[in-house]
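# Understanding the architecture of this molecule
One letter stands for each residue in the lines below.
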Amino acid sequence: KQFKDGLEKTRKGFVEHVSNLMVRRRKIDEEFYEELEEILIGADVGVNTVMGLIDELRAEVKKRRLSDASELRPVLSEKLVELLRGEQDNSLNMSQEGPTVILFVGVNGVGKTTTIGKLAHKFKSEGKKVLLAAGDTFRAGAIEQLEVWGTRTGVEVIKQSPGSDPAAVMYDAVQAAKQRNADILICDTAGRLQNKSNLMDELNKIFRVIQREIPGAPHEVLMVLDATTGQNALSQAKLFGEKSGVTGLVLTKLDGTAKGGIVVAIRQELNIPVKLVGLGEKMEDLQEFDSEQFVHALFA
Ligand code: GDP
């Protein structure tokens, strides 16, 4: 799915409200700003971000001497692109030589396994040699679920039995990646939220093994967040992201929410680039995030 289809709900539930407001009020006055503020907050853009955004719009309106509300549409989309772009690069960091190691973290149910499968498919279709590491040895069924994606995408899964030490799985996986000249190693990790300190210890151990075996790795630590959980996703990210050295975010299920503004809130509050977005359940429904394309798909 492309942004255009995947963002249908957000377009209907958010952008159309903005458009209607512009047509209905016509004039840029206090009531207009108030209503716009409400719509933006309703779309989960986040209160702080909305306040800042409205201030910037006011300044632009003054500077450009705008009076008709419809003239504000391109200004709003420009500002959103700026907010989403941030300073860091949205593209995935790839190793110059040797396997690129991408570690996935995130709580259960957010779409971690699905995203790993989709990403494996994407790399595979680019002609790259991909391996998967079944690092969630804790949740029942997690290894099998990853193997289903392995079969579906034609990618080998490195695994041990359930309950085994995830760091040992990672060691095996890294050795296999080196021996087989893999281009990419994608690693799953456990996502239980209870017992948070254990999980952090586990992640640290995994980190150490990977770092020791491949200098410069992991090249990405991607935290997966479920966009349909809105502000919850944001607090989850704050909790989880603090200590785990996250380098990028994946927002899944954007097709399932009308509140796509959450992407802006998360980008603003965490200052971690959004690198990938999930736009459906199928193998192809993963897009590299591009702020311009994203906003264009919403407003064009
Ligand atoms: P995990 O527990 O984090 O590994 O989550 P799963 O990968 O098992 O995904 C949980 C559910 O979300 C599954 O039913 C997936 O099909 C679904 N899912 C994952 N990503 C997306 C997405 O981008 N869009 C939609 N609509 N569903 C998704």
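Described below are features of the structure shown in this document. Note that this is a predicted model, so its numbers are computed, not measured.

Conventions we followed
Residues numbered from 1 in each chain as written. Predicted model: local features only at pLDDT ≥ 70, side-chain atom pairs only at ≥ 80, totals over all residues. Heavy atoms only, no water. Helix = DSSP H or I, 4+ residues; strand = E, 2+ residues; numbered from the N terminus. Rg over C-alpha atoms; globule rule 2.2 N^0.38 Å. Buried < 20%, exposed > 50% of the residue type's maximum accessible area, 1.4 Å probe, protein only. Contact = heavy atoms within 4.5 Å. Areas by Shrake-Rupley, 256 points an atom, 1.4 Å probe, with all protein chains shown as cover. Pairing = 2+ DSSP bridges. Near = heavy atom within 4 Å. Polar contact = N/O pair within 3.5 Å; in protein donor to acceptor, adjacent residues only side chain to side chain. 1 Å grid on protein atoms, 1.4 Å probe; cavity = no way out; pocket = protein on both sides within 12 Å on 5 of 7 lines; lining within 4 Å. Sits in = over half its atoms within 2 Å of the grid points. Nonpolar A, V, L, I, M, F, W, Y, C, P; charged D, E, K, R; others polar.

In terms of regular secondary structure, the protein chain is built from 12 helices and eight strands. Taking 19 Å as the expected radius of gyration for a compact globule of 300 residues, we find that the protein chain reaches 21 Å, a close match to that expectation. In terms of overall dimensions, the protein chain has a C-alpha envelope of 65 × 40 × 35 Å along the principal axes. Here the protein chain holds 300 residues, and 55% of them are scored as buried. In the protein chain, once contacts between residues fewer than 6 apart in sequence are set aside, the share between residues at least 24 apart is 75%. Counting every atom, the protein chain has about 13300 Å² of accessible surface; 47% of that belongs to carbon and sulfur.

Quick look at the pairing of strand 4 (residues 184–187) now. Residue alternation in strand 4 divides its side chains into two sets, Ile184 and Ile186 and Leu185 and Cys187, and both sets are buried. Sheet topology places strand 1 (residues 100–105) next to strand 4; four bridges connect them, and they run parallel. For Val101, the partnering residue across the bridge sits in strand 4 and is Leu185. Pairing of strand 2 (residues 130–133) with strand 4, which is carried by four bridges, proceeds in the parallel orientation. By the bridge assignment for strand 4, Leu132 is matched with Ile186.

By nearness alone, 17 residues border the ligand, and Gly109, Lys112, Thr113, Thr114 and Glu281 come closest of all. Contacts to the ligand include Gly109, whose backbone N or O atom sits 2.7 Å from an oxygen atom. With respect to the ligand, the side chain of Thr114 contributes an N or O atom lying 2.5 Å from an oxygen atom. Across the complex, the protein chains shield 79% of the 580 Å² of accessible surface that the ligand would expose by itself. Taking a 2 Å distance to the grid points as the criterion, the majority of the atoms of the ligand fall inside the largest pocket. Ranked by the residues each element gives to the shell around the ligand, the list is headed by helix 6 (residues 112–125), at four residues. In terms of residue class, the shell around the ligand is built from three nonpolar, eight polar and six charged.

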